[in-house]
Each structure stands twice: as C-alpha cells, then as structure tokens.
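Here is what each chain is made of, one letter per residue.
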Amino acid sequence: MPVYMEEKEKQWEKVEDPGREMVVAKRVSFDAAHYLPNYPGKCAQMHGHHFVIELAVRGSVQENGMVVDFTVLKEFLAYIVDKLDHSLLNDTIPNPTAENICLYIEKGWLDDDWGQGLCRLAWIKVWETEDSYALLGL
Amino acid sequence: MPVYMEEKEKQWEKVEDPGREMVVAKRVSFDAAHYLPNYPGKCAQMHGHHFVIELAVRGSVQENGMVVDFTVLKEFLAYIVDKLDHSLLNDTIPNPTAENICLYIEKGWLDDDWGQGLCRLAWIKVWETEDSYALLGL
Amino acid sequence: MPVYMEEKEKQWEKVEDPGREMVVAKRVSFDAAHYLPNYPGKCAQMHGHHFVIELAVRGSVQENGMVVDFTVLKEFLAYIVDKLDHSLLNDTIPNPTAENICLYIEKGWLDDDWGQGLCRLAWIKVWETEDSYALLGL
C-alpha cells in the first residue's frame with residue numbers, strides 16, 4: 001500500500017468522520033405557468049412546466065453523522081414550493097427564466113437563517129423540463 | 001442577521017442579477033452501434049447503446065435573464081445527434097469510448113462559434129447506459 | 001475564429017486525446033434497513049430504503065481511450081453492495097446516515113488499490129431516496 005494510502009488509512013480508523021466537509025442535497029417539484037416577456041419566440045406566450053428544484057448545501061459532518069438534517073432542506077423547499085406551486089410565476093418573479101428562478105430561491109435561503117450556522121449554499125438547480133436546467137453556484 | 005448576510009441582502013434588492021455567473025445545461029439522447037477495437041472483452045463485439053449527452057455551458061446572466069437561450073444548446077445537440085444517431089459510431093470516432101465521444105462533442109462545440117461570445121463549455125457528460133457516464137470538464 | 005479557439009483547434013487535430021483529465025462514474029443500487037440511533041424523530045425507528053450509490057473517479061485518458069475500464073468501478077461497487085445489500089446497515093456502520101455511508105464507501109475504495117494507479121476518487125454520492133443524497137468530494 002502506498003504511503004499516502006497508509007495515511008488515509010489512519011484517518012479512517014473509524015468510518016465516522018465528524019468535521020469532514022460534505023454536501024447534502026434535496027429535490028422537490030412543482031407545477032406552474034410562466035411566460036418570458038420580450039422573448040422573441042414561443043416562450044413569450046403563457047405556458048407551463050413541471051419544474052424540479054435541487055438545493056445542495058455544504059458543511060461539516062456533525063457528531064450526529066449529518067451535515068444538516070434533510071428535514072431542514074425539506075422545510076425550506078416546502079416554503080419555496082408554497083410560494084410558486086400552481087401559480088403564474090410572473091406574479092412573483094417578473095422575468096421567470098430558469099436562471100432567475102435559481103436566483104429567487106437563493107434569495108429565499110439567504111433572507112433567513114436556514115443554514116442554522118451548520119451549512120451554506122453549495123448550488124441550486126432548476127429544471128424547466130427533464131432535459132434542461134439552470135445551475136447557480138457550481 | 002450576520003453582516004455577510006446583510007451584504008448578500010443588499011446584493012439582492014431585486015432578484016434578477018445580470019452579470020451573475022451561472023451554468024445552463026441540456027440533455028439529448030441518441031441510439032447508435034459501436035465496438036471498441038482492441039478491447040480485451042465483450043465490448044470488442046459490435047453492440048449498441050441508448051446514449052444520453054449533457055452539455056453544460058457557463059456564462060454571465062444577460063439582461064434578458066438568460067446565460068444563453070436553451071435553443072442554442074438544443075441546436076448544437078441536434079447538430080451532434082444528426083451526426084451520430086442511428087449510425088455505427090466507429091465510422092465517425094475510431095475508438096468510440098464514452099470518453100472519446102465527450103472529446104468529439106467538445107471538438108464540435110469549439111469548431112464553430114456556438115457560444116456566441118455569451119458562454120463557454122462547462123462540462124460534457126456522455127451516458128453509455130443509465131448507470132455509466134464519462135464527464136469532461138468538471 | 002478567436003486565437004484561443006485556434007489554439008484549442010490545434011489541440012484537437014485528432015479527437016482522441018490521451019492524457020486529458022476526465023471523470024468516469026457508475027451507479028448501482030441496493031436495498032437495506034437502517035435506523036439512526038439518537039435521532040430525535042422517526043428515523044430512529046428501523047426502516048428501509050432503496051439506496052443508490054454513484055462512484056466517480058478522475059484520471060487521464062489512456063491510449064485505449066479510457067480513464068479506467070467501467071468494469072473496475074462495477075467490481076468495486078459489487079464489492080460494496082455485497083456488504084450492504086439486504087442487511088441492517090447498523091451492523092456494518094454504527095450510525096448509517098447517508099453521509100456516513102459515503103465515508104464507508106470511500107474507506108472501502110482506499111483500503112485496496114482499486115484505482116490501479118490510473119484514477120483517484122472524484123466523488124461519492126449516496127441517494128437515500130430519489131430526492132435526497134449526500135455527496136463526498138465535490
């Protein structure tokens with residue numbers, strides 16, 4: 001075994017490793033209408049999508065073996081979905097591109113102490129369709 | 001609210017944020033035959049896959065709320081799929097591993113001004129099966 | 001064509017590019033029971049998940065057009081699944097959060113020379129549900 005691996009090995013005398021930096025992420029979906037004002041094409045017409053959001057946060061593994069309880073991410077995402085689901089997104093986000101929806105979600109996270117000092121945003125992904133997404137933070 | 005969050009807050013007086021760097025990505029699939037010459041195993045025999053490609057580009061959000069129109073990615077991917085779909089990949093890429101297909105797609109992107117000065121390649125992923133992919137750029 | 005693209009172009013006189021750094025990844029799933037001791041909620045009760053693991057490794061593309069044969073990743077993942085599938089995870093990992101399962105898999109990789117000098121770990125993802133995962137290494 002090479003030396004660097006022996007060192008790694010020592011680090012791993014037990015599997016649990018409080019203090020190690022990791023990412024935890026959760027996805028949720030919602031359905032909403034939107035249109036893109038001033039867009040030179042069909043997206044200027046009102047239409048709808050089944051949107052999927054992924055929120056990823058980064059932090060140190062705590063003594064309980066978690067960066068942060070998945071429940072925190074779930075509650076935040078429920079808070080966002082409550083604002084956007086079954087709505088016309090333009091009522092909330094004037095120009096609701098996938099990019100701007102990412103930025104809206106980031107603002108929601110930063111407006112309150114969702115990370116509880118345990119984690120910070122790693123990235124936000126918004127899928128407009130199964131094949132298309134915008135990503136903030138990577 | 002901690003100071004860094006107040007600063008973040010100021011940055012977010014409005015949600016839209018032209019100039020912010022983000023990634024946008026699109027996926028597409030195609031079906032093709034291939035074989036790996038000189039491979040010591042079953043992959044040396046001609047076989048086929050339902051390939052999935054993800055193209056991700058990085059750039060600043062423009063005033064229109066987009067890094068780049070998803071249509072640009074869609075057109076590029078259609079151009080690639082037109083070359084590879086329902087073909088024997090070896091006719092185009094001599095040794096069509098998932099890695100080399102990534103490199104072929106990168107070459108296609110760089111050969112023309114697909115990014116239109118708005119974005120640059122972030123990564124290319126090629127899934128050979130639902131469970132296996134190669135990734136260039138991350 | 002801008003100068004940087006001409007330089008890229010020269011680099012791409014042929015598509016194959018031995019020496020280029022890339023990532024290859026493979027996923028596998030298993031079913032297991034677990035409970036989280038000391039967790040203040042329902043996860044303290046024994047329950048089960050359909051877990052999905054993604055192992056990603058990074059290395060240079062070899063002359064054979066591969067970073068490393070997907071078979072190596074497949075064999076390693078089979079080795080891990082053999083230890084965890086249809087078991088009570090707590091018998092192997094005392095506090096089997098998604099984070100600690102990532103760390104367990106990392107230990108398994110590092111304990112032997114799985115990378116064969118060709119590749120090193122890029123990241124490990126463990127999905128506890130279709131919507132929730134922990135990620136080590138990105």
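It should be emphasised that the depicted structure is a prediction, and the values quoted were computed from it without experimental measurement. (Residues numbered from 1 in each chain as written. Chains lettered and ligands numbered in written order. Predicted model: local features only at pLDDT ≥ 70, side-chain atom pairs only at ≥ 80, totals over all residues. Heavy atoms only, no water.)

**Here we look at the pairing of strand β1 (residues 21-34) of chain C**
Here is the rule we go by: DSSP-based pairing: two strands are paired if at least 2 bridges between them are found. Helix and strand definitions follow DSSP, with helices as H or I runs of at least four residues and strands as E runs of at least two, each counted in order from the N terminus.
Taken together, the 4 bridges between strand β4 (residues 132-136) of chain B and β1(C) define a ladder with antiparallel strand orientation. Across the sheet, the residue bridging to B:L135 is C:V23, located in β1(C). Pairing of β1(C) with strand β2 (residues 47-60) of chain C, which is carried by 14 bridges, proceeds in the antiparallel orientation. The residue of β2(C) that forms the bridge with C:A33 is C:G48.

**Details of the interface of chain B and chain A**
Rule in force here: What makes two residues a contact is simply this: any of their non-hydrogen atoms within 4.5 Å. The buried area of a pairing is the accessible area, by a 1.4 Å probe, that goes missing from both parts when the two are put together, added over both. The working definition used for a salt bridge is a side-chain nitrogen of Lys or Arg within 4 Å of a carboxyl oxygen of Asp or Glu. Polar contact criterion, stated in full: a pair of N or O atoms within 3.5 Å, where within protein one must be able to donate a hydrogen and the other to accept it, and residues adjacent in sequence count only if both atoms are side-chain atoms.
Facing the 29 residues of chain B at the interface are 25 residues of chain A. Summed over both partners, the interface of chain B with chain A buries about 2,400 Å², with 56% contributed by carbon and sulfur atoms. Counting every contact that joins chain B to chain A gives 1 salt bridge. B:R20 is the partner of A:E106 in a salt bridge, and the nearest nitrogen-oxygen pair spans 2.7 Å. The interface formed by chain B and chain A includes 12 residue pairs in polar contact (both at pLDDT 80 or more).

**Thoughts on the packing of aromatic side chains**
Quick reminder of the rule: Only rings of Phe, Tyr and Trp enter the pairing, Trp through its six-membered ring, and a pair is recorded when the two centres are within 6.5 Å. The plane angle decides the type: under 30 degrees is stacked, over 60 is edge-to-face, the rest tilted. Residue exposure (1.4 Å probe, protein chains only): buried if accessible area is under 20% of the type maximum, exposed if over 50%, otherwise partly exposed. Both a distance and an angle decide whether a charge sits over a ring: NZ of Lys or CZ of Arg must be within 6 Å of the ring centre and within 35 degrees of the ring normal.
One pass over the full model with this rule turns up 18 aromatic pairs over all chains. Between C:F76 and C:W114, the aromatic rings sit 5.2 Å apart at their centres with planes inclined by 65°, giving edge-to-face as the arrangement. Note that C:F76 is positioned in helix α2 (residues 70-84) and C:W114 in the loop between α3 (98-111) and β3 (119-129), a separation of 38 residues in sequence. Its relative accessible area of 0% is what places C:F76 among the buried residues. Judged by relative accessible area, which is 17%, C:W114 ranks as buried. Members of the aromatic cluster, connected to one another through ring pairs, are A:F76, A:Y79, A:W109 and A:W114. Residue placement shows A:K125 over the ring face of A:Y133; its charged tip is 4.5 Å from the ring centre.

**Looking at the sheet that holds β3(C)**
Our working definition: Simply put, an axis is a line fit to the C-alpha atoms, just over the touching stretch for a helix, and the angle between two N-to-C directions goes from 0 to 180 degrees.
Strand order in this closed barrel of 12 strands is β1(A)-β2(A)-β3(A)-β4(A)-β1(B)-β2(B)-β3(B)-β4(B)-β1(C)-β2(C)-β3(C)-β4(C), and the pairing throughout is antiparallel. Ignoring strand direction, the axes of neighbouring strands in this sheet form an average angle of 25°. Note: β3(C) against strand β4 (residues 132-136) of chain C, 5 bridges, orientation antiparallel. Across the sheet, C:W127 pairs through a bridge with C:Y133, a residue of β4(C).

**What to know about the confidence of the model for chain A**
Residue and element names in this part refer to chain A. To keep it simple, the criterion reads: Each residue carries a pLDDT score, the predictor's own confidence in it, on a scale running from 0 to 100.
Summarising the model, chain A shows a mean pLDDT of 91, and 90% of its residues fall at 70 or more. Contacts of residues 1-5 to residues separated by more than four positions or lying in other chains number 5 contacts, the stretch itself having pLDDT below 50. Ignoring residues within four places in sequence, the model shows residues 7-13, a span with pLDDT below 50, making 13 contacts including any to other chains. This prediction of the complex comes with two scores: 0.89 for pTM and 0.88 for ipTM.

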